[in-house]
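# Close look at the chain arrangement
Residues per chain are reported as follows:
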Amino acid sequence: MSDLAQTGVYPASAEFVAKAHVDAKAYDEMYAASIKNPEAFWAEHGKRIDWIRPYTKVKNSTFDYGKVDIKWFEDGTLNVSANCIDRHVAARGNQTAIIFEPDDPLSHEAQHITYAQLLEQTSRMANVLKANGIGKGDRVVLYLPMIPEAAYAMLACARIGAIHSVVFAGFSPDALANRINDSEAKAVITADFAPRGGRKTPLKSNTDKALFDCSEKVKCFVVKHTGDQTTWIADRDVDMKAEMAAASPYCPYAEMNAEDPLFILYTSGSTGRPKGVVHTSGGYLVYASMTQQITFDYHDGDVFWCTADVGWVTGHSYIIYGPLANGATTVMFEGVPTYPDAGRFWAVCEKHKVNQFYTAPTAIRALMGQGPEWVEKYDLSSLKLLGSVGEPINPEAWNWYNTHVGKGKCPIVDTFWQTETGGHMLTPLPGAIPTKPGSATKPFFGVQPVILDPATAEIKSETATDGVLCIADSWPGQMRTLWGDHERFQEAYFAQYRGYYFTGDGCRRDEDGYYWITGRVDDVINVSGHRMGTAEVESALVAHEKVAEAAVVGYPHAIKGQGIYAYVTLMNDVEPSDALRKELVAWVRTEIGPIASPDLIQWAPGLPKTRSGKIMRRILRKIAENDYGALGDTSTLADPSVVDELIENRMNRA
Ligand code: ATP
Ligand code: MG
């Protein structure tokens with residue numbers, strides 16, 4: 001095992017622990033209670049949100065393949081929008097709910113939207129939707145920039161009981177059309193253009209193209225955001241801002257069942273065709289709000305910034321629903337980390353005095369490559385806690401984040417979860433669980449992780465072990481089905497390991513009971529009989545000072561069974577050479593051991609990533625196998641041209 005994986009244990013400061021919602025003792029007690037009697041635990045914690053008709057039933061679920069069925073709080077009724085807005089207005093109507101930070105800080109001002117204003121804008125939009133025939137159960141696709149209207153739109157749908165499906169504004173017309181059709185949406189809400197990093201994506205014209213392939217009945221609401229000229233189709237297009245201005249400023253909220261769908265969200269597609277994950281209202285909101293408060297140790301008055309896009313589940317749970325259900329102040333950032341320059345994240349933290357900052361390892365690595373001077377320029381003294389999500393964070397990036405951003409005083413919560421899980425599954429609770437760089441540490445309340453032997457499907461009960469990560473029982477934030485395809489839902493998550501929810505991820509548990517995600521099970525390589533997660537080899541490569549990023553896959557090898565194929569992106573100022581190749585092989589040998597030495601290293605100016613910044617290893621695997629004819633679904637790739645370059649210069653031509 002790599003010693004990189006164990007570079008120490010980092011407890012939070014005594015001062016942090018003293019103020020934390022949950023300390024070590026409370027964690028142990030609450031966790032034990034949540035597993036021993038989930039009914040009683042969640043009956044109590046379900047009360048953190050407001051119910052119109054209180055539930056009398058709490059949990060009703062089975063993971064039995066063939067009859068998987070998941071329900072929480074099933075006889076309760078509520079409205080999610082009312083929970084995120086109305087219930088805060090009396091006490092904190094004038095508190096900022098959303099801080100909107102625009103793409104271009106020079107030409108546009110930040111906006112502070114209070115809870116009272118949020119109620120008015122959401123109501124107006126809800127009234128526009130209603131006036132245009134949208135009601136309970138109808139699907140509405142959102143294809144919007146990261147602007148306040150995206151929040152209003154999600155909350156307006158929730159208010160009237162419509163089901164939203166947010167599509168990331170960077171996606172193509174094709175990807176948009178697929179999602180409109182798959183969800184059989186009645187309407188799309190889009191904008192004229194989406195400014196991002198100083199460039200503008202033509203959302204309206206993309207939507208026009210998408211709608212060519214959809215039913216003629218789909219309505220198109222357009223938020224005039226940049227004000228640039230667009231096409232206009234009279235019977236179909238609706239000027240959202242104009243209609244909002246004319247609409248009534250209050251819209252009553254609909255009474256929804258706890259199990260009515262709140263949203264559909266398509267997964268990022270890094271392992272295959274995107275899946276339409278369905279989340280419902282009650283359990284999801286309880287779980288999103290509880291994890292936002294406890295994982296991030298959010299306190300009243302704090303400013304919380306999750307840098308994700310609302311096109312991802314992270315944006316749903318930790319920009320919108322979790323924080324707003326808790327009456328928090330949440331930052332919505334329209335831009336990118338490197339515009340106008342590589343100091344943007346830190347400039348925004350300073351400007352809005354951000355207290356909790358939550359981002360992805362891919363962003364940290366990119367900024368790390370730009371040098372610490374961009375961070376040092378800003379006053380980051382408001383920061384109390386940092387978070388990471390999306391993939392395993394390599395210790396190199398962890399250390400940089402801890403030292404330069406957190407100044408060694410902010411706990412780092414490495415949160416493992418999925419679109420499917422609704423909220424955090426494995427994560428340090430910062431006042432309770434000392435962190436180890438690269439480990440998502442321990443389960444959140446109610447989560448029962450088990451590690452199974454991938455060959456025998458048996459539970460590996462020793463403390464220190466590894467295998468595939470499954471979850472033994474339901475938790476309130478769990479997805480309920482795949483939209484219109486309950487069978488695929490069972491096949492994808494409950495077929496491989498009967499009786500368990502299968503995450504698709506490999507995992508190791510250490511002698512302290514800490515969990516370490518080792519990467520997708522599909523990504524595990526078997527070299528001469530040794531099973532190895534790709535994450536570990538990648539971590540070692542990235543720890544080399546000349547390497548900016550690395551992706552590792554297996555490929556057929558005559559002697560070893562599988563060989564190790566590494567794609568390596570070098571730091572800006574480094575020239576590739578055969579000498580450097582040898583140096584990297586030697587480096588991995590000493591960091592991990594001879595078994596992990598890469599057999600082939602390909603220089604990769606860019607790696608194929610999803611729009612959410614995840615490396616698509618299945619594509620890299622195909623190229624490494626010299627089988628690049630059918631790459632599968634690539635509709636969610638950020639930059640398809642990267643792939644051609646890699647094929648062109650592939651190392652295995654056997
Ligand atoms: P698809 O399911 O379509 O392939 P995806 O799995 O990339 O897409 P998400 O739900 O956004 O879509 O990502 C969840 C996955 O991200 C997890 O299964 C895991 O592989 C990875 N992941 C998320 N957070 C972490 C983390 N903190 N540590 C390690 N891996 C993580
Ligand atoms: Mg997945």
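None of the values given here were measured: they were computed from a predicted structure. (Residues numbered from 1 in each chain as written. Chains lettered and ligands numbered in written order. Predicted model: local features only at pLDDT ≥ 70, side-chain atom pairs only at ≥ 80, totals over all residues. Heavy atoms only, no water.)

## Some details on the side chain of threonine 481
With respect to the secondary-structure elements, threonine 481 resides in strand E23 (residues 481–482). Given a relative accessible area of 18%, threonine 481 falls into the buried group. A distance of 2.7 Å separates a polar atom in the side chain of threonine 481 from a polar atom in the side chain of histidine 486. In this structure, threonine 481 is in contact with Gly276, Val277, Val278, His486 and Phe489, ignoring residues within four places of it in sequence. (Helix = DSSP H or I, 4+ residues; strand = E, 2+ residues; numbered from the N terminus. Buried < 20%, exposed > 50% of the residue type's maximum accessible area, 1.4 Å probe, protein only. Polar contact = N/O pair within 3.5 Å; in protein donor to acceptor, adjacent residues only side chain to side chain. Contact = heavy atoms within 4.5 Å.)

## Side note on helix H20 (residues 641–648)
Listed in full, the buried residues belonging to H20 are Val642, Val643, Leu646 and Ile647. Looking straight down H20, one finds that the buried residues subtend no more than 135 degrees of arc, so they occupy a single side. Residues of H20 that are exposed and point over 90 degrees away from its buried face: Asp644 and Glu648. (Arc of directions from axis to C-beta.)

## Focus: the UniProt feature "binding site: CoA" (unreviewed entry) in the chain
Residues annotated by UniProt as "binding site: CoA" (unreviewed entry) correspond here to Arg196, Gly197, Gly198, Arg199, Thr314, Ser528 and Arg589. Taken along the chain, the residues just named run across 394 residues; in space they spread out, the farthest C-alpha pair reaching 49.5 Å. Checked against the element boundaries, arginine 196 lands in strand E9 (residues 194–196). By relative accessible area, arginine 196 is classed as partly exposed at 37%. On the secondary structure map, serine 528 appears in the loop between strand E26 (525–527) and strand E27 (530–532). With residues near it in sequence (within four places) discarded, serine 528 still touches Lys560 and Ile595. (UniProt positions renumbered as here; feature names shortened; annotations may be inferred.)

## Overview of the nonpolar core
Considering soluble globular proteins, one finds that nonpolar side chains tend to be buried as a cluster. Residues Leu118, Ile189, Tyr321 and Phe445 are the most contacted members of the largest nonpolar core, which totals 138 residues. Per-element tally for this core: the top contributor is helix H6 (residues 148–160), with ten residues. Setting aside chain neighbours within four positions, we find tyrosine 321 in contact with Val80, Cys84, Met154, Leu155, Ala158, His164, Leu262, Phe263, Tyr284, Leu285 and His316. By size, the runner-up hydrophobic cluster in this structure holds 29 residues, among which are Cys349, Val354, Cys410 and Ile412. (Core = buried A, V, L, I, M, F, W, Y, C linked by side-chain atoms within 4.5 Å.)

## Remarks on the domain arrangement of the chain
You can read the domains of the chain as domain 1 (113–257) and domain 2 (528–649). When each unit is reduced to the centre of its C-alpha atoms, the spacing between domain 1 and domain 2 is 40 Å. (Domains from an automatic or database assignment.)

## Notes on the packing of aromatic side chains
Enumeration over the complete set of coordinates arrives at 42 aromatic pairs. Cluster of aromatic residues (ring-pair linked, three or more members): Tyr27, Tyr31, Phe41, Trp42, Trp51, Tyr55, Trp72, Phe73, Tyr287, Phe444 and Phe445. Of note, lysine 224 hangs over the ring of tryptophan 232, and the distance from its end group to the ring centre comes to 4.8 Å. (Phe/Tyr/Trp six-rings, centres within 6.5 Å; stacked < 30°, edge-to-face > 60°. Lys NZ or Arg CZ within 6 Å of the ring centre and 35° of its normal.)

## Focus: a negative patch on the surface
On the surface, Asp182, Glu184, Asp485, Glu487 and Glu491 cluster together into a negatively charged patch. You can see glutamate 184 is positioned in the loop between helix H7 (173–182) and strand E8 (187–191). (Patch = residues over 30% accessible without salt bridge, like charges linked within 9 Å, V, L, I, M, F, W, Y side chains within 5 Å. Areas by Shrake-Rupley, 256 points an atom, 1.4 Å probe, with all protein chains shown as cover. Salt bridge = Lys/Arg side-chain N within 4 Å of Asp/Glu carboxyl O. Lys, Arg positive; Asp, Glu negative; His and termini not counted. Charge placed at Lys NZ, Arg CZ, Asp CG, Glu CD.)

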